[in-house]
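Structural description and commentary
Below, each chain spelled out in residue letters.
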Amino acid sequence: MVHSISYSDSWRDINWKYHQKVVFRLQKRIFKAVREEDMARAKRLQRLLLSSYSARMIAIRQVTQLNKGKKTAGIDGKKALTHRERFAIEKQLKKHCKDWFHQGLREIPIPKKDGTKRILKVPTIADRCWQCLVKIVLEPAHEATFHARSYGFRPGRSAQDCQKILQINLRSYAKGINKRVLEMDIQKCFDRIAHKAILDRLICPEFLINSIHRCLKAGVNPEFPEQGTPQGGVCSPLLANIALNGIEAIGQSVRYADDMVVRPERRTVEWETLKTPQASVQQPVSVHSRHSE
């Protein structure tokens, strides 16, 4: 007598701790290779991680079970997947992870405090699984290059870490009572980041750069065809961090995603430069600033 496969039992019996160890071990090797500036070895390891069964399963589990927005439907209307569909996506990722083509994005208007609306562009579940897989591959390579005072959307870091750094540096007995503080906000960061600024900074094989380019084009605004990354995408915060990495060099600063606090020294060239922050930041973004003493 032949029994049919129980996909729910197969999913339940997966040893997630083992798969996490496999993924983390490869990520550590990628991180180390980039720190040693051995980009050829890092890209070989990225190919290995991209084709790893463990990485695919971790990505699918993250999107379909762990993420807060797991029941948000994409353009295909699917809010959840059966166990059988999860294994089908794993096979799809295995076959097309190197030449993935994105479907369209579902646009969801989110009201803001000022009365305007922010458009959240949500990919399908399958596209989110591919993006999560790409994030697993890209993250360790770029974590090796990110600035120490960048805290937004990074593993092991939080807004509380950012607050602690500011509290330490702005308290009255830290380098005198009088201090100048410049708060910077990158206007429409996710909507206006140039694709070239992202693609030129990516540390990954060429085929993955092409796939990410297609991912960016899937959610493009017709008015700005070479700008923007969809805010509903899994890897969008990482891509924004990649594009903005290095902006911290304009002064003693702390950055959380697209928000920065800079503490320049009084009556210095640095302060004069920061009076016009647009001159200090490269093309892909526009900056609004305000300062206090």
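Description of the structure in this document. Everything quoted here is computed from the prediction, not taken from an experiment. (Residues numbered from 1 in each chain as written. Predicted model: local features only at pLDDT ≥ 70, side-chain atom pairs only at ≥ 80, totals over all residues. Heavy atoms only, no water.)

**So, unusual backbone geometry**
The following threshold applies: Note on conventions: DSSP H or I runs of at least 4 residues are helices, E runs of at least 2 residues are strands, and numbering of each starts at the N terminus. Using a 1.4 Å probe on the protein chains alone, a residue whose accessible area is under 20% of its type maximum counts as buried, one over 50% counts as exposed, and one in between counts as partly exposed.
A positive phi angle, near 60 degrees, is found at E37, a position not held by glycine. By the element assignment, E37 lies in the loop between α2 (16-35) and α3 (39-50). Owing to a relative accessible area of 68%, E37 belongs among the exposed residues under this scheme. Within the chain, A257 stands out as a residue other than glycine whose phi angle is a positive 60 degrees. One can find A257 in the loop between β4 (253-256) and β5 (259-262).

**Quick word on the pattern of salt bridges**
Basically, it comes down to this: Each reported salt bridge corresponds to a side-chain nitrogen of Lys or Arg within 4 Å of a carboxyl oxygen of Asp or Glu.
Inspection of the entire model under this criterion finds ten salt bridges. Linking R12 and D13 is a salt bridge whose minimum nitrogen-to-oxygen distance equals 3.7 Å. Assigned by exposure class, R12 and D13 land together as exposed. Where R41 meets E36, a salt bridge forms, and the shortest distance between an N and an O atom there is 2.7 Å. Taking relative accessible area as the criterion, E36 reaches 45% and is therefore assigned partly exposed. A cluster of three or more residues bridged by salt bridges with shared partners is formed by D9, R12 and D13.

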